[in-house]
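Observations on the three-dimensional arrangement
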Protein chains: 2
Amino acid sequence: MTDRAAPKRDYEGELKRAGIRLTRPRKVIVGILQATDDHPDALEIFRRAAAIDPSISLSTVYRTMKVLEGLGAIHRHAFEGGPSRFEGAGGEHHDHLIDLDTGDVIEFQSDKIEDLQNEIARRLGYDVVHHRLELYGRKRRKA
Amino acid sequence: MTDRAAPKRDYEGELKRAGIRLTRPRKVIVGILQATDDHPDALEIFRRAAAIDPSISLSTVYRTMKVLEGLGAIHRHAFEGGPSRFEGAGGEHHDHLIDLDTGDVIEFQSDKIEDLQNEIARRLGYDVVHHRLELYGRKRRKA
DNA sequence: TTCAGTGCAAAGCGTTTGCATTGAA
DNA sequence: TTCAATGCAAACGCTTTGCACTGAA
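Summarised in this report is the structure supplied together with it. (Residues numbered from 1 in each chain as written. Chains lettered and ligands numbered in written order. Predicted model: local features only at pLDDT ≥ 70, side-chain atom pairs only at ≥ 80, totals over all residues. Heavy atoms only, no water.)

1. Examining the protein's contact with DNA strand C
Looking at DNA strand C, there are 20 residues lining it, with Y62 and K66 of chain A together with T23, R26 and T60 of chain B nearest. Of all DNA strand C atoms lying within 4 Å of any protein atom, the proportion belonging to sugar or phosphate reaches 66%. The side chain of T23 of chain B places a nitrogen or oxygen atom 2.7 Å from a phosphate oxygen of DNA strand C. S59 of chain B has a polar side-chain atom sitting 3.4 Å from a base nitrogen of DNA strand C. The biggest single contributor to the surface near DNA strand C is helix 4 (residues 58–71) of chain A, with four residues. (Near = heavy atom within 4 Å. Polar contact = N/O pair within 3.5 Å; in protein donor to acceptor, adjacent residues only side chain to side chain. Helix = DSSP H or I, 4+ residues; strand = E, 2+ residues; numbered from the N terminus.)

2. Observations concerning the sheet that holds strand 4 (residues 105–108) of chain B
Taken in spatial order, the six strands of this open sheet run 4(A)-3(A)-5(A)-5(B)-3(B)-4(B), and their pairing is mixed. Each having just a single partner strand, strand 4 (105–108) of chain A together with strand 4 of chain B make up the two edges of the open sheet. For this sheet, the mean inter-axis angle between neighbouring strands, taken without regard to orientation, is 25 degrees. Contacts between helix 5 (residues 111–123) of chain A and the sheet are confined to strand 3 (95–99) and strand 5 (126–139) of chain A together with strand 4 and strand 5 (126–139) of chain B, with strand 5 of chain A contributing the most and set at about 135 degrees to the helix. On the sheet, helix 5 (residues 111–123) of chain B packs against strand 4 and strand 5 of chain A together with strand 3 (95–99) and strand 5 of chain B and is oriented at approximately 135 degrees with respect to strand 5 of chain B. (Pairing = 2+ DSSP bridges. Axes fitted to C-alpha atoms, helices over the stretch in contact; angles between N-to-C directions. Contact = heavy atoms within 4.5 Å.)

Structure representation (structure tokens):
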């Protein structure tokens, strides 16, 4: 189990390589993704984008996230209740611990849990395609 | 790790004990919950209820699910994409394996994974309030 | 008798989409 | 020059809510 640092992604290169036009809105949006280590939702990305270029629309944010998701460049997370939140797909796989009081998202990774998941699925006659593991918790206070 | 059989719940008794009126729509709805072992969504519960009493409204289904959830009598699951699905809260805690091809939900339980989750959270300075573990997979074909 | 619970229709929220226009290639 | 991508507004799917009525206690 380890905490991780966020790696950077070459979103523009990935879009180009996929034959997808590098428009002004998309440049702004991927710039925002590169500049963040958190897990913003579409509206938050839209706000940050609008601060740079007020002509960008929320639809375009949604459409761009869909494109990037299709390329595997970002991951979409649907945490409890709220809207989808996005994060760059760089780095190793990890799961999330969500702070119930602040909404903060902490990433962690556990090979042991992954192994156990695969073992359980196998026993049930399945192959795991993907999974979702989210811990919802509160900061432990010193005794 | 074990597969489980679904236990039965005394929803009517729980509502009564909580001082909540046992109306006709609610009787129909909890009857449906008692009669099923699957994980129906609100619309599906509504359809089954309407077959028994066509005057029941979808709003009442939602409101009743909210009440039962508040009592801890049912659990609400938000699996990928789709609407919330409900299940009786009887029996031990378990997690879910969702068949990507059929939508079937298979329940499983792993103390080892639970322990690991708590250990990870503790290391990160958190107490786990609850968690969500979902495996999405496909039936393994015999080699 | 009373007020919690209901059905209905309308609104809410996050997200997607149809369409005429624009701008990257 | 062309057609993918855009902004806008309207629609979507799921869920909640305001309201006047109803029926469980």
